[in-house]
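Listed here are the chains, written in short residue letters.
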Amino acid sequence: MPPTFIIAEAGVNHNGSLALALELVDVAVAAGADAVKFQTFKSEKLVTATASKAEYQQQSTGASESQLAMLRKLELKPEFHFQLRDHCRKNGITFLSTAFDFDSLAFLVNDVGVDRLKIPSGEITNGPFLLAHAQTGKDIMLSTGMATLGEIEMALGVLAFGYLAGESPSLAAFQAAYACDEGQRLLREKVTLLHCTTEYPTPPGHVNLRAMATLSSAFGLAAGYSDHTEGLVVPIAAAARGAQVIEKHFTLDRALKGPDHRVSLEPDELKQMVSAIRAVELALGSSRKLPQPVELNNRDVARKSLVAASAIAAGERFSANNLTCKRPGTGLNPMLYWQMLGQASGQCYQADDLIE
């Protein structure tokens with residue numbers, strides 16, 4: 001299995017500042033993440049003027065301003081993208097950003113040149129937007145928060161249709177694209193499903209990590225996990241359960257103003273998470289059950305051999321009274337104990353002598 005692709009989700013935690021965004025890239029690099037991801041949107045194309053904030057956003061930024069007003073302050077300016085992309089390239093980390101509108105998607109693909117796309121959970125029923133993503137031909141990570149299996153299958157049908165370059169979109173055409181062999185091949189090649197619970201923060205009891213395996217088995221696709229819990233435990237557990245992608249929000253400081261800082265990891269915590277996931281990958285190892293090379297030096301020390309429990313004369317028969325098992329394991333295997341009982345000893349033994 002390939003290493004877990006770890007995405008350090010900067011999101012909107014730059015608060016509209018290029019300096020903060022560049023510093024977030026540096027933190028992700030220092031932590032050892034594979035990618036750092038931002039969010040790209042034009043506020044007026046994302047929400048209506050009357051759209052309210054989510055409850056968690058109200059708790060962190062107040063309820064008086066609208067979602068539109070909040071988002072305007074969190075936009076990542078177009079020119080910032082190029083500086084962030086170049087900074088990422090210079091430092092050997094992948095630059096990613098999630099698009100939330102058609103213009104932003106086109107900008108990321110055609111101008112910034114991202115190699116991989118992320119579709120957030122809120123867009124999984126947005127058929128036209130799903131189709132636009134697939135028509136780019138790029139690999140896609142599809143987050144599945146709030147979705148049923150039926151909704152996920154319908155979304156995958158749209159993506160398959162887009163990858164197949166279908167010309168007349170319809171529900172029937174999407175179903176046909178999903179059902180055909182080539183559509184399935186393209187989905188397997190290009191799409192990763194991300195299990196997710198869309199609540200900030202997500203209580204551990206609502207994570208349901210086992211659903212990640214359900215996604216993989218139901219759709220035959222790679223599966224990962226987009227995390228919104230507090231702390232490190234759940235993403236590490238997801239890696240132990242075979243997540244091929246882990247996405248986790250991080251910030252420079254949880255005390256900063258903004259909607260997502262409170263549920264994000266701070267730099268040292270992000271580094272700990274990446275290190276722990278890499279250790280988990282090593283620990284998963286192989287499914288074969290064989291003695292490991294590092295164990296071999298300990299085998300003779302830890303195992304036991306047949307030894308004389310008391311002095312045994314030559315010709316005396318071995319019995320439960322004069323035969324026992326003790327360390328080291330350099331003599332006869334104790335599994336031979338019952339075979340030895342009743343046999344005549346070929347030599348004299350003192351107590352604790354290894355039986356030969």
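Read on for an overview of the structure. (Residues numbered from 1 in each chain as written. Predicted model: local features only at pLDDT ≥ 70, side-chain atom pairs only at ≥ 80, totals over all residues. Heavy atoms only, no water.)

### Topic: the pattern of salt bridges
For clarity, the cut-off: The salt bridge definition used is simple: a Lys or Arg side-chain nitrogen within 4 Å of an Asp or Glu carboxyl oxygen. The secondary structure listing takes helices from DSSP runs of H or I that are at least 4 residues long and strands from runs of E that are at least 2 residues long, numbered from the N terminus. Partly exposed describes any residue whose relative accessible area lies between the buried limit of under 20% and the exposed limit of over 50%, with all areas from a 1.4 Å probe on protein chains only and scaled to the type maximum.
With the rule as written, the count across this model stands at 11 salt bridges. The residue E269 makes a salt bridge to R254 at a minimum N-O spacing of 2.7 Å. In this pair, E269 is assigned in helix α13 (residues 267–284) and R254 in the loop between β8 (245–249) and α13, connecting sequence segments 15 residues apart. When the shortest N-O distance is used, the salt bridge between D352 and K326 registers 2.8 Å. Taken together, the residues D352 in the segment after α15 (337–340) and K326 in strand β10 (residues 323–326) connect sequence positions 26 residues apart. On the basis of relative accessibility, which here comes to 47%, the residue D352 falls in the partly exposed class. One network of salt bridges, in which partners are shared, links E9, K37, K118 and E247.

### So, unusual backbone geometry
Here the residue pair Y200 and P201 is connected by a cis peptide bond, since its omega of -10 degrees sits within 30 degrees of zero. Relative to the helices and strands, P201 is located in the loop between β6 (191–196) and α11 (210–219). Here the amide bond leading from R327 into P328 is cis, since omega sits at 10 degrees, within 30 degrees of zero. Within the secondary structure, P328 sits in the loop between β10 and α15. A positive phi angle is found at N15, which is not glycine, with a value near 55 degrees. Along the chain, N15 turns up in the loop between β1 (5–11) and α1 (18–31).

### Description of the pairing of strand β5 (residues 139–143)
On a regular strand, one side chain projects to one face of the sheet and the next to the other, so that they alternate. The following threshold applies: Paired strands, as defined in this entry, are two strands with at least two bridges between them according to DSSP. If the strands point away from the viewer and the path from the first strand over the helix to the second runs clockwise, then the crossover is right-handed.
Within β5, four of the five residues are buried, which leaves it mostly tucked inside the rest of the structure. Direction of pairing for strand β4 (residues 116–119) relative to β5: parallel, over a ladder of four bridges. Paired with R116 across the strands is D139, a residue of β5. Note that the unit made of β4, helix α7 (residues 127–135) and β5 has a crossover that is right-handed. As paired strands, β5 and β6 are joined by four bridges and run parallel to one another.

### As for the environment of Y178
How we decide: Whether two residues touch is decided by their heavy atoms; if any such pair falls within 4.5 Å, the residues are in contact.
Along the chain, Y178 falls in helix α9 (residues 171–179). Separated by 70 residues in the primary sequence, Y178 and K248 place their C-alpha atoms 30 Å from one another. Once you skip the residues sitting within four places of it in the chain, Y178 turns out to touch E153, L156, G157, A160, Q184, L187 and F219.

### Points about the sheet that holds strand β3 (residues 94–99)
Each strand in a sheet pairs with another by means of backbone hydrogen bonds, the pair being arranged parallel or else antiparallel. So the rule is basically this: The convention used is that axes are lines fitted to C-alpha atoms, helices contributing only their stretch in contact, and that angles between N-to-C directions extend from 0 to 180 degrees.
With parallel pairing, the eight strands of this open sheet are ordered in space as β3-β2-β1-β8-β7-β6-β5-β4. The sheet is open, and its two borders are formed by β3 and β4, each paired with just one other strand. Neighbouring strand axes in the sheet, compared pairwise and without regard to direction, differ in orientation by 25 degrees on average. Most of the contacts of α7 go to β4, to which it runs at about 170 degrees, and overall it touches β3, β4 and β5. Its contacts with the sheet put α11 on β6 and β7 (222–227), and the angle it makes with β6 is roughly 150 degrees.

### Quick notes on the packing of α1 against helix α5 (residues 78–90)
Rules: Geometric relationships in this document are graded by angle, where less than 35 degrees denotes roughly parallel, more than 145 denotes roughly antiparallel, 65 to 115 denotes roughly perpendicular, and other angles denote oblique. Working rule for handedness: look at the near helix, and if it is turned counterclockwise from the far one by less than a right angle, call the crossing left-handed; if clockwise, right-handed. In this classification, the charged set is Asp, Glu, Lys and Arg, the nonpolar set is Ala, Val, Leu, Ile, Met, Phe, Trp, Tyr, Cys and Pro, and all remaining amino acids, among them Gly, are polar.
Where α1 meets α5, the axes come as close as 10 Å, and the angle between the chain directions of the two elements is 20 degrees. On the basis of the axis angle, α1 is roughly parallel to α5. As α1 runs across α5, the sense of the crossing is right-handed. Across from L18, A21, L22, V25 and D26 in α1, the residues of α5 making contact are F80, Q83, L84, H87 and C88. Here the residues of the contact of α1 with α5 are counted per class, giving seven nonpolar, two polar and one charged.

### Focus on the side chain of D227
Basically, it comes down to this: N or O atoms closer than or at 3.5 Å make up a polar contact, with two conditions inside protein: a donor-capable atom paired with an acceptor-capable one, and, for residues adjacent in sequence, both atoms drawn from side chains.
Mapping D227 onto the fold places it in strand β7. In terms of polar contacts, D227 uses its side chain to reach the side chain of T229, at 2.9 Å. Setting aside chain neighbours within four positions, we find D227 in contact with V234, P235, E247, K248 and H249.

### A few points about α7
All of the buried residues along α7 are F129, L130, L131, A132, H133 and A134. Where α7 is buried, its residues touch β3, α6 (102–112), β4, β5 and α8 (149–163).

### A short note on the packing of aromatic side chains
Applicable threshold: Aromatic contacts are taken between Phe, Tyr and Trp rings whose centres are within 6.5 Å, Trp giving its six-membered ring; a plane angle under 30 degrees counts as stacked, one over 60 as edge-to-face, and the others as tilted. Should the NZ of a Lys or the CZ of an Arg lie within 6 Å of a ring centre and within 35 degrees of the ring normal, that charge is described as sitting over the ring.
Counted by the stated rule, this structure contains seven aromatic pairs. Ring geometry for F102 and F129: centres 5.2 Å apart, planes at 80 degrees, overall edge-to-face. Of this pair, F102 sits in helix α6 while F129 is found in helix α7, placing the two residues 27 residues apart along the sequence. Since its relative accessible area comes to 44%, F102 is described here as partly exposed. Ring plane angle 75 degrees and centroid distance 5.2 Å describe the contact between F161 and F174, whose orientation is recorded as edge-to-face. Here the residue F161 occupies a position in helix α8, and F174 occupies one in helix α9, the gap between them amounting to 13 residues. By the burial criterion, F161 is buried, and F174 matches it. The ring of F5 has R116 lying over it, and the distance from NZ or CZ to the ring centre is 4.8 Å.

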